[in-house]
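Chain by chain, the residues run as shown.
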Amino acid sequence: MRGKIYYLLRIIKIGVKNIFLHKLRSLLTILGIVFGVASVIAMLAIGEGASFEAREKIKELGSQNIIVRSVKPPETRITQEATTFVSVYGLLENDYKMIKTIPSVDLIVPTWEMKEEMRYMEKSIKGRIVCTYPEYKDVMNIGLEMGRFLTQIDIELIQPYAVIGYSIRKSLFPTEDPIGKTITIRNYSFKVIGVAKEKGVTTGTTGFAAEDVNFDVYIPFTTGRSYFGEFEIASKEGPVSKWERNWVKYHRFIVRVNNTDKILTTSAIIENILKINHKKDDYEILVPLQLLLQAEHTKRIFNIVLGSIAAISLIVGGIGIMNIMLATVTERTREIGIRRAVGAKRKDIISQFLLETVILSSVGGFIGILLGILIPKLVTKFAGMTTVITWWSIALSFTISVGVGITFGIYPARKAAYLDPIQALRYE
């Protein structure tokens, strides 16, 4: 056993010595492996980071939720001369009652929304008013930075209370505690009772229209109905100045299903109900769980594509190693002949050359790992992108780099071992 260890250490020593005899050549040889390993780790980290962001945003919407939204259909039969008109569309009371009766529906939370300007003293900012119920906090995973959320008593007493989003607080109350302060929406005053924690912006890449919930203000549904009614009023840009009035009973239903296995079935039932109640396509059904599964599938495809591209550079690096080792065999032909003449066996020659290629690829793999960890950190710092370095990408890339070294080192090693000793000794 001790003899085998001594033999192995001796081969390693000779191999390292031979590599250091040609430092520049050895460095150029391993560059393909270095960049191959680095690109595998970096590309998978960037892909994993993008996928992670998408999954987290979908999870924030609730994996047990189904979101039904009112969607304004294309405008028809509106004359250019008209200066005012009313668009009637969206979810209805009958929709709410019928969806509520579905056995798998655990909870349904309606909302009514509008874009408005909010003011506090001389400061003002535009945001979205969300008239809703206390359960909205749980179904939409809203955390509180301070204060409290709406309660059932606030709903029953039609209280003029508001829970403001993170960005609203930063704009209107940059240096003071907002709790207890009064903000003005239109001509109505609302007392701030809570501040929501900051949340990531939901982008269109997740299947939802881009929206920043940090600019939301949550008020009791009954208060919103009492103060603002059921009409949205907004100016419409065009050749003629127009005021647009939209009548919408509910803007959204957040439907929580009691079992994730029933989500797709429940979604189909909801769609059938809406088809019966609506003559036009003025609604949209979004299933976060379905989007999550699609994101996972896309992530797998993305990783395979990125990994395949990076693996090509590893193969190119392996070809570079084989090329250099073949040149080394030619240079060391006389040395091989002398070693064979003094009793070295073919397996000794193979071991020697194979070990040198493994050392080269291992060193290249190690340097590539360091570079592969550094690149995602630089991307995160300078580009602001989320990157996630996984242990399996490091292990996979290093294993492949060693495997490439062995695979592409076998042929030069065998060529060296099977040289004719007499011809090798005569080689000049």
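See the structure printed just above.
Worth saying up front: this structure is predicted, and the values here are computed from it rather than measured.

Thoughts on the nonpolar core
Alright, step 1. In this structure, I99, I183, V217, F253 and V255 are the most contacted members of the largest nonpolar core, which totals 42 residues.
Alright, step 2. Broken down by element, this core gets its largest block of residues, six residues, from strand β3 (residues 105-120).
Alright, step 3. If we ignore the near neighbours within four places in the chain, the residues touching V217 are M118, R128, I129, V130, A162, V163, I164, I168 and I183.
Alright, step 4. Residues I30, V37, L44 and M325 belong to the second largest nonpolar core, which totals 25 residues.

A few points about the side chain of S397
Alright, step 1. On the secondary structure map, S397 appears in helix α12 (residues 391-417).
Alright, step 2. Under the relative-accessibility criterion, S397 is labelled buried at 0%.
Alright, step 3. Of note is the side chain of S397, whose polar atom sits 2.9 Å from the backbone oxygen of S393.

Remarks on the packing of helix α3 (residues 93-100) against helix α8 (residues 263-277)
Alright, step 1. Following both chains from N to C, one finds α3 and α8 inclined at 150 degrees, their axes separated by 10 Å at the closest point. Judged by the inter-axis angle, α3 sits roughly antiparallel to α8. Considering the relative orientation of α3 and α8, their crossing is right-handed. For the pair α3 and α8, the contacting residues are N94, D95, M98 and I99 in the first and I270, I273, L274 and N277 in the second.
Alright, step 2. Taken together, the residues that form the contact of α3 with α8 break down as five nonpolar, two polar and one charged.

Conventions we followed
- Residues numbered from 1 in each chain as written.
- Predicted model: local features only at pLDDT ≥ 70, side-chain atom pairs only at ≥ 80, totals over all residues.
- Heavy atoms only, no water.
- Core = buried A, V, L, I, M, F, W, Y, C linked by side-chain atoms within 4.5 Å.
- Buried < 20%, exposed > 50% of the residue type's maximum accessible area, 1.4 Å probe, protein only.
- Helix = DSSP H or I, 4+ residues; strand = E, 2+ residues; numbered from the N terminus.
- Contact = heavy atoms within 4.5 Å.
- Polar contact = N/O pair within 3.5 Å; in protein donor to acceptor, adjacent residues only side chain to side chain.
- Axes fitted to C-alpha atoms, helices over the stretch in contact; angles between N-to-C directions.
- Parallel < 35°, antiparallel > 145°, perpendicular 65-115°, else oblique.
- Left-handed = near helix turned anticlockwise from the far one by under 90°.
- Nonpolar A, V, L, I, M, F, W, Y, C, P; charged D, E, K, R; others polar.

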